[in-house]
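Chain by chain, the residues run as shown.
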Amino acid sequence: MTTHDNVVCTFCGCLCDDIEVEVRDNTITAVKKACAIGKNKIMHATSDPPPISVRGVETSVDEAVEEAVRIMSTARNPMVYGMSSTTSEAQREMVEIAEITGANLDNCSSYCHGPGVLARQQVGLVSCSLGEAKNRADLVIYWGCNPVEAHMRHLSRYSLQPKGLFMPEGRKGRKVVAIDVRPTPTTKRADVFLQVQPGHTFEIASVLRALLNGVELDFPDGADSVAGVPVEAWREVVEMVKKCKYGVLFFGLGVTQCRNTDINVEQVARLVQDANRHTRFSAVAMRGHGNVNGTNQVMSWLTGYPLAVNFSRGFPRHNPGEFSVVPMLARKEIDAALIVATDPGAHLPKDAVDFLKTIPVIHLDPHRNMTTPWATVVIPVAPVGVAATGTFYRMDNVPLRLKKLVDSPFPTDEEVLKTMKEKIAYAANN
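Not measured: the values here are computed from a predicted model. (Residues numbered from 1 in each chain as written. Predicted model: local features only at pLDDT ≥ 70, side-chain atom pairs only at ≥ 80, totals over all residues. Heavy atoms only, no water.)

## Digging into the domain arrangement of the protein chain
1) Next: Under the domain assignment, the protein chain is made up of domain 1 (49-109 + 290-391 + 404-429) and domain 2 (113-285).
2) Next: Listed as interface residues are eight residues of domain 1 and, on the opposing side, six residues of domain 2.
3) Next: Broken down residue by residue, the surface that domain 1 buries against domain 2 is led by Ser109, Pro306 and Leu307, which jointly contribute 61%.
4) Next: Scanning the region where domain 1 abuts domain 2 turns up zero salt bridges.
5) Next: On the surface where domain 1 and domain 2 come into contact, there are one residue pair in polar contact (both at pLDDT 80 or more).
6) Next: When grouped by side-chain class, the residues that make up the side of domain 1 that touches domain 2 number three nonpolar, five polar and no charged. (Domains from an automatic or database assignment. Contact = heavy atoms within 4.5 Å. Buried area = accessible area lost by both parts, 1.4 Å probe. Salt bridge = Lys/Arg side-chain N within 4 Å of Asp/Glu carboxyl O. Polar contact = N/O pair within 3.5 Å; in protein donor to acceptor, adjacent residues only side chain to side chain. Nonpolar A, V, L, I, M, F, W, Y, C, P; charged D, E, K, R; others polar.)

## With respect to empty space enclosed by the protein
1) Next: Per the stated rule, a full pass over the model turns up two cavities of 30 Å³ or more.
2) Next: Estimated volume of the largest cavity: approximately 110 Å³.
3) Next: Lining of the largest cavity is provided by 13 residues; of these, Ile141, Leu208, Val237, Val241 and Leu271 occupy positions nearest its centre.
4) Next: Mapped by element, the contributors of at least two residues to the lining of the largest cavity are strand E8 (139-143), helix H8 (201-212), helix H9 (231-243) and helix H11 (262-275).
5) Next: A volume near 60 Å³ is recorded for the second largest cavity.
6) Next: Cys9, Phe11, Cys12, Leu15, Cys16, Ile19, Ala34, Cys35, Gly38, Met152 and Arg153 are the residues that line the second largest cavity.
7) Next: Among the residues making up the lining of the second largest cavity, the classes are represented as nine nonpolar, one polar and one charged. (1 Å grid on protein atoms, 1.4 Å probe; cavity = no way out; pocket = protein on both sides within 12 Å on 5 of 7 lines; lining within 4 Å. Points joined across faces, edges and corners; volume = space filled by probe spheres on them. Helix = DSSP H or I, 4+ residues; strand = E, 2+ residues; numbered from the N terminus.)

## Topic: the packing of aromatic side chains
1) Next: In this structure the tally under the stated criterion is two aromatic pairs.
2) Next: Seen from their ring centres, Tyr142 and Phe250 are 6.0 Å apart, and the 25° between their planes marks the pair as stacked. Separated by 108 residues along the polypeptide, Tyr142 in strand E8 and Phe250 in strand E13 (residues 246-251) bring together distant segments of the chain. Each member of the pair, Tyr142 as well as Phe250, is classed as buried.
3) Next: Between the aromatic rings of Trp301 and Tyr393, the centroid separation amounts to 6.0 Å while the plane-to-plane angle is 70°, which identifies the pairing as edge-to-face. With Trp301 in helix H12 (residues 292-303) and Tyr393 in strand E20 (residues 390-393), the pair connects residues that are 92 residues apart, well separated along the chain.
4) Next: Since its relative accessible area comes to 52%, Trp301 is described here as exposed. (Phe/Tyr/Trp six-rings, centres within 6.5 Å; stacked < 30°, edge-to-face > 60°. Buried < 20%, exposed > 50% of the residue type's maximum accessible area, 1.4 Å probe, protein only.)

## Things to note about the pattern of salt bridges
Working definition: two side chains of opposite charge can pair if their charged atoms are close together.
1) Next: On inspection of all chains with the given rule, the structure shows 24 salt bridges.
2) Next: Arg92 is the partner of Glu414 in a salt bridge, and the nearest nitrogen-oxygen pair spans 4.0 Å. One end of the pair, Glu414, is in helix H17 (residues 413-429); the other, Arg92, is in helix H3 (residues 88-101), and 322 residues separate them in sequence.
3) Next: The partner of Arg394 in a salt bridge is Asp396, with the nearest N and O atoms 2.8 Å apart. Each member of the pair, Arg394 as well as Asp396, carries the same accessibility label: buried.
4) Next: Taken together, the salt bridges that share partners define one network made up of Asp17, Asp18, Arg153 and Arg157.

## Focus: the sheet that holds strand E10 (residues 192-195)
1) Next: As summarised here, the arrangement of the five strands in space is E10-E9-E8-E13-E14, forming an open sheet in which the pairing is parallel. Either end of the sheet is taken by a strand with one partner, and the two such strands are E10 and strand E14 (280-285). Neighbouring strand axes in the sheet, compared pairwise and without regard to direction, differ in orientation by 15° on average.
2) Next: As paired elements, E8 and E13 share five bridges and run parallel to each other. Within E13, the residue paired with Tyr142 across the bridge is Phe250.
3) Next: Strands in contact with H11 are E8, E13 and E14; relative to E14, the strand with the most contacts, it is inclined by about 155°. (Pairing = 2+ DSSP bridges. Axes fitted to C-alpha atoms, helices over the stretch in contact; angles between N-to-C directions.)

## Considerations on the sheet that holds strand E6 (residues 78-82)
1) Next: Judged by pairing direction, the sheet is mixed, and its nine strands sit side by side in the order E5-E4-E19-E18-E17-E6-E7-E15-E16 without closing on themselves. Of all strands in the sheet, those with a lone pairing partner are strand E5 (57-58) and strand E16 (317-318), marking the two edges.
2) Next: Lying on the sheet, H3 is in contact with E6, strand E7 (104-107) and strand E17 (336-340); it crosses E6 at an angle near 170°.
3) Next: Each of E6, E7 and strand E15 (309-310) is contacted by H12, which is oriented at about 150° to E7, the strand it contacts most.

Structure follows, in structure tokens:
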């Protein structure tokens, strides 16, 4: 039996890197320290792979790759999409395939944290590592997120309970504020819970900025509340911000997908900038999929844009409303799709899935899922972090190297994509 220490769990953006995994005869027999979901993901990482197939007929990897190359080479307006649960090395190959084929390139963040990424490109974001939050933060604000259920070890490893270098008392030394539209398991752990009306993120951030900057607020009689919360409660939050030594605001989809989307995050980012006139304050987005952050990083390096890119004119063009996956599928503008490390059959709107079923779809994934039955080409790949190495980016932009624990009978998605890229490039030049 071999015991692997400091294994990275790839389930969510926390990328917990203290996992212990026991392997016997190329089989994972035990997983320790992971959350319930992470443990289940690692224990069953190599189970239930789909058969290699083309139009429902089982075949070899080589023949499936040849058909995938033919589809992408002959398509007039293809789409390359997904990437949120694969390595940054594989993501790089997908960007190059999109460029060679003149495709539309998008990732899962276009309907989750994408607005926040765009806002950061507009106004910047004062941020920190999760290690800084653990060691320094005496004020933690959870806004529009529920890490107790979505990032199950976030509170115990990084933000609420752990004792840090300058926080020797752990939870006892921290004040916690939760802002959400409903009570959640996270709000129950907070010292102050502000239940707000939906759709008012921009107004809340604006009022907090005004109070931080000493602006006098003039409300009509009987209307001195914002988002259903009295202004006096917001004033108390501002005083907590001013008095803390180091504050961190963790924000989730309740902020990025609220009405106004990227404008909300711009205002929150400016709020954090204002807070730094009084104390040290940072903000961190609560990214969901394991390497969705890496997708934005890789696309930004290679194209200049974190999502929604079009290569049809031979150079990258960016327009979220025009080149994002959901609007393009709604307009039925795509004639082929290469989808890697995501399950559109489970995640996209029904109309989008119904249209995908009418065009050739190439799907690379370690597991049988809701896309497998109708995809034109299905190629199972080795699960990253278990049977393949690579790089993932944590929610705080820290890159972590994944370990290989067992062997897989299937190639990695990086290997498949690299082969596809070379064959597509050869076909284009000959």
